[in-house]
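Spelled out from the first residue to the last, the chains are:
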Amino acid sequence: MFNTQAAQVFRSCTGALSSRTLARTSVNVAGRRAALAMRSRQYSDKAQSPEESKKSEEPSEENEKDEVEVSPETTLLHKLKAEEAKVADCMSRLRYLQADFLNLQRNAAREKEQARDFAISRFAGDLLETVDVLSMALKSVPKSALAPPPESSDAPSSTSSSDAPAEKSPATHLRELYEGVEATQRLLLHTLFKHHVKPFDPTGEAFDPNKHEALYQAPIPGKEPGTVLECQKVGYTIKDRVLRAAQVGVVQDTSS
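Throughout this document, residue positions are counted from 1 along each chain, in the order its sequence is written. It should be noted that, the model being predicted, local features are given only for residues of pLDDT at least 70 and side-chain atom pairs only at 80 or more, the latter also being counted only at that level, while totals for whole chains, interfaces and linings use all residues. To obtain the side-chain values, all non-hydrogen atoms of the structure were included, while hydrogens and water were left out.

Under the annotation held in an unreviewed UniProt entry, the chain carries the name GrpE protein homolog, mitochondrial and is attributed to Lentinus tigrinus ALCF2SS1-6. UniProt positions are given in the numbering used here, feature names are shortened, and annotations may be inferred rather than shown by experiment. Per UniProt, the chain has the following entry under Sequence similarities (unreviewed entry): "Belongs to the GrpE family." In its Subcellular location (unreviewed entry) section, UniProt records this for the chain: "Mitochondrion matrix".

The following block contains the structure:
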């Protein structure tokens, strides 16, 4: 009986001692943990102090931005000015395009008119050779051959038949041929004139290399040097453009 009680007392004493030692160790561990936490807090406070300062400054800057922020009316005014600048730019471009289009229309109309006026230049140039041949044919007949024959003083024979046609003399045939060639040349020149093709004879005028083609030079006393002495082939113009230069002889300068 006594041994049993002694064992119980021993057990209670050992349990109390173990609980006290565990409590002490837990208190020591808790103290150490608290100290480490305090140290870490102090270190984090020191390390994060610049960031916190920046964070503290950012709200102040945001507040300043909020204070400087423009009103809706000002924003709309800026947008309106930007749109007005765009409209002015578009109008300027439109005016340039309109001017370019008008110039294009004028150039096209002028080119069309020139094409219409000078479309027959090659054809008219070919016809000029025909006119030259007709002119040479007319010049080859002397004026004396074109004079009408004198009337015969002898009376016609009574025995001649009244129904027989009168025979034409060679001079009459030549005169009629000359008149036909002259009428053909005149009609051809009139047709060319309707298409603004005109002849010009520069005899006596000053020599112009743009309109005249010099075939020869000759010293002629009493004539001014550089003037057209003779026109062997007349020139032609179509509108204001030279279709064919006149072939001329020029007075030579003998002073040198």
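Quick look at the side chain of Arg244 now. By definition, any uninterrupted DSSP run of H or I lasting at least four residues is a helix, any uninterrupted run of E lasting at least two residues is a strand, and each is numbered from the N terminus. In this structure, Arg244 sits in strand β5 (residues 241-244). The class for Arg244 is buried, based on a relative accessible area of 15%. Pairs of N or O atoms are called polar contacts if they sit within 3.5 Å, as long as, within protein, a hydrogen donor faces a hydrogen acceptor (for residues adjacent in sequence, only side-chain-to-side-chain pairs). A distance of 2.6 Å separates a polar side-chain atom of Arg244 from the backbone oxygen of Val234. Under the scheme applied here, a residue whose accessible area is under 20% of the maximum for its type counts as buried, over 50% as exposed, and between as partly exposed, the area being computed with a 1.4 Å probe on protein chains only.

A word on unusual backbone geometry. Within the chain, His196 stands out as a residue other than glycine whose phi angle is a positive 65°. Owing to a relative accessible area of 38%, His196 belongs among the partly exposed residues under this scheme. Unlike most non-glycine residues, Lys239 shows phi in positive territory, near 60°. Inspection of the secondary structure assignment puts Lys239 in the loop between β4 (235-238) and β5.

Quick look at the sheet that holds β5 now. In this scheme, strands are said to pair when DSSP sees at least two bridges between them. With antiparallel pairing, the 3 strands of this open sheet are ordered in space as β1-β4-β5. This sheet does not close on itself; its edge strands, each paired only once, are β1 (197-200) and β5. Each neighbouring strand pair of the sheet contributes to a mean axis angle of 35°, computed without reference to strand direction. As defined by bridge partners, β1 adjoins β4 across 4 bridges and the pair is classed as antiparallel. The partner of Lys198 across the bridge, within β4, is Thr237. Its contacts with the sheet place helix α4 (residues 121-139) against β1, β4 and β5, and it is angled at close to 45° to β5. To obtain an axis, a line is fitted to C-alpha atoms, over the contacting stretch when the element is a helix, and the angle between two such axes runs from 0 to 180 degrees between their N-to-C directions. Any two residues having at least one pair of non-hydrogen atoms within 4.5 Å are treated as being in contact.

Along the polypeptide, Leu134 turns up in helix α4. Taking the C-alpha atoms as reference points, Leu134 and Val181, 47 residues apart in sequence, are found 6.7 Å from one another. Those residues in contact with Leu134 that lie beyond four places of it in its chain are Val181, Thr184, Gln185 and Leu188.

Take the layout of surface pockets next. Approximately 220 Å³ is the volume found for the largest pocket. Considering the residues around the largest pocket, the lining is formed by Val131, Asp132, Ser135, Met136, Lys139, Gln185, Leu189, Cys231, Gln232, Lys233, Val234 and Tyr236. Going through the elements one at a time, α4, α5 (170-194) and β3 (228-233) are the ones with two or more residues in the lining of the largest pocket. Examining the composition of the lining of the largest pocket, we find that 5 residues originate from one element, α4, more than from any other. Put simply, the grid is 1 Å and covers the protein atoms alone, a cavity is a trapped set of points that fit a 1.4 Å probe, a pocket is an open set with protein on both sides within 12 Å along at least five of seven lines, and lining residues have an atom within 4 Å of a point. Grid points are joined across faces, edges and corners, and a volume is the space filled by probe spheres set on the points.

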